[in-house]
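Coordinate inspection notes
Single-letter residue listing:
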Amino acid sequence: MGFEKFGTVSFTSQTKVNDFIERLYQGKVSGTKCKQCDAAYFPPRADCCSCLSSDMTWFDVVGTGKLVSYSTLSYAPTGFEQDLPYTAALVRFKDDIQIFGRLSKTIKPEEIEVGMDLVVSPVKLPGDRISYEFITP
Amino acid sequence: MSEVAIVGVGQSAFVRGYEGSIRELAFEAYREAMTDTQLKPKDIGASIICSAPEYDKQRTPAGVLAEYLGLSPQPTFYLESVCSSSSMGVKIGYSLIKSGLHDVVLILGFQKMSEITSAESQERMGRGADIIWESPFGTMMPAYYAMHARAHFDKYGTTEEDLALIRVKAASYGQLNEKAVYRKEVTLEQVLSSDTVSTPLKRFDCCANADGSSCLILARKDRARDLPKKPLSILGLGAASAPVNMAGRDSLTGLSCTRDAAKEAFKMAGIGPQDVNVAEVHDCFTIAELMAYEDLGFAEAGEGKYLIRNKETYQDGRIPINVDGGLLSKGHPIGATGGSQIRTIILQLRGEAGEMQVEDPKIGLIHNIGGVGLYANVTILGG
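Residues numbered from 1 in each chain as written. Chains lettered and ligands numbered in written order. Predicted model: local features only at pLDDT ≥ 70, side-chain atom pairs only at ≥ 80, totals over all residues. Heavy atoms only, no water.

Here we come to the sheet that holds strand E2 (residues 46–50) of chain B. Residues and elements named next belong to chain B. Pairing within the open sheet is mixed, and its 9 strands lie in the order E3-E2-E4-E7-E1-E8-E11-E10-E9. One side of each edge strand has no neighbouring strand; the edge strands of this open sheet are strand E3 (76–79) and strand E9 (278–280). On average, adjacent strands in this sheet sit at an angle of 25° to one another, irrespective of strand direction. Sheet topology places strand E1 (residues 4–11) next to strand E8 (residues 232–241); 2 bridges connect them, and they run antiparallel. The residue of E8 that forms the bridge with Ile 6 is Leu 232. The strands touched by helix H2 (residues 61–69) within the sheet are E2, E3 and strand E4 (104–111), with E3 carrying the most contacts at an inclination of about 130°. (Pairing = 2+ DSSP bridges. Helix = DSSP H or I, 4+ residues; strand = E, 2+ residues; numbered from the N terminus. Axes fitted to C-alpha atoms, helices over the stretch in contact; angles between N-to-C directions. Contact = heavy atoms within 4.5 Å.)

See below:
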């Protein structure tokens, strides 16, 4: 089980951080941390470019983040048309971990504002697919 | 060691749906640049062919185009950094000359965006970013720049109307540029009432797709003395990169690669932004031009809006910017764009820019971005 399941349309299936998908099914959104130098990465990476180690461990992104910016799309690439309109967003969590994703459609357009509190949560998509989204705490 | 000069420039008309092959499209810019220099094909030591490969049907176009242009058997190779490919070509061409490997190098940028179907183009758009961590969310170029716009609005109070003023300016000069794809006037009301593409960006905030080619000929300056046109020296070259994923960016209110590339280019040229008389900046979206004002140092962070409100970036303003219509009106044939921007500045510095001419410029700057601030090139030219 790997990245062929990730998002509305996935473009590649193989990466050494495939456990990210398994962890999503377990209800966790996770990054990786280097065991040698403690550098933390989101998106997760198999290799540390700070110290060149590949000895990594997982950590879960928990708690509340702040909305850095967002945009609601009226046009979509091939394969995403049925999702329109949807809102791309960047959210900053503690320790400067940032996550790019979509806002949940449960958030009304008039409620969206830069700086609002959000949490990240796995979400199951049609067709046995999985992703994560930002929801209000 | 001799300086490196740009001794010949050429550009095809930027059009929708070019009715010919990429060879013929490339030839249009090539013929204009070769006529400009009066050089013969045998004088060209090497050619660098620049485009974004996702639009090319032809695999490895460099050898195919070099043969068609009459530049075989000299060495040729392909260079790609998406929208900034031909500016990066100038950096590499400069290096080939400065190293003593070649005396004259030709940089040919092209893109036939209509080479692939609209459906194929839509599919490729989804792969323009981080395909593992961003594309599965359904992202497109306008959405990323729109997120930069929203962040800028929120932090600095910039407005949709400020961005619309940039589009109005571009259209006023696109009308003067006979090589521009979009030659109509655009009013403030038209921009503000156009369809939303990705909030807060609207259709008129986005540049015009086009097919086109550009060609630049670089030479050792001592060699350039015998040529007909005034050689303009490459005074500064800066290039930088930044994380592709928005999650790797410290801030969305500007592009760090622009600031890094500008710092390097200004240092090499030994000048600052206040010394620049005319500039071309990468306005793939209106917000991109506004951020460039600030990241290049023409305005303080957050104050780019005053440059456009006060018309300081118009032809007779303090720092004329994109007075050829920019990517917004002239068009954005990806691999050809940097070369076209550089051609505009060369014509300005020669005094050959016609109705678009600004008054007696000495120093010109070109800012060219690849992707959403993934790559940046800043080039400074002067006497």
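A separate point is the layout of surface pockets. Residue and element names in this part refer to chain B. Within this model, the largest pocket holds a volume of roughly 1200 Å³. Looking at the lining of the largest pocket, the elements with two or more residues in it are helix H4 (118–125) and helix H5 (141–156). Each residue belonging to the lining of the largest pocket can be placed in one class, and the counts come to 29 nonpolar, 7 polar and 9 charged. In this structure, the second largest pocket spans a volume of roughly 380 Å³. Per-class residue counts for the lining of the second largest pocket are 9 nonpolar, 3 polar and 6 charged. (1 Å grid on protein atoms, 1.4 Å probe; cavity = no way out; pocket = protein on both sides within 12 Å on 5 of 7 lines; lining within 4 Å. Points joined across faces, edges and corners; volume = space filled by probe spheres on them. Nonpolar A, V, L, I, M, F, W, Y, C, P; charged D, E, K, R; others polar.)

All names here are of chain A. Judged by pairing direction, the sheet is antiparallel, and its 3 strands sit side by side in the order E2-E1-E3 without closing on themselves. Across the chains shown, the open sheet's two edge strands, defined by having one partner strand only, are strand E2 (40–41) and strand E3 (56–60). Here 2 bridges tie strand E1 (residues 30–34) to E2, and the two strands are oriented antiparallel to one another. Considered in E2, the bridge of Thr 32 is made with Tyr 41.

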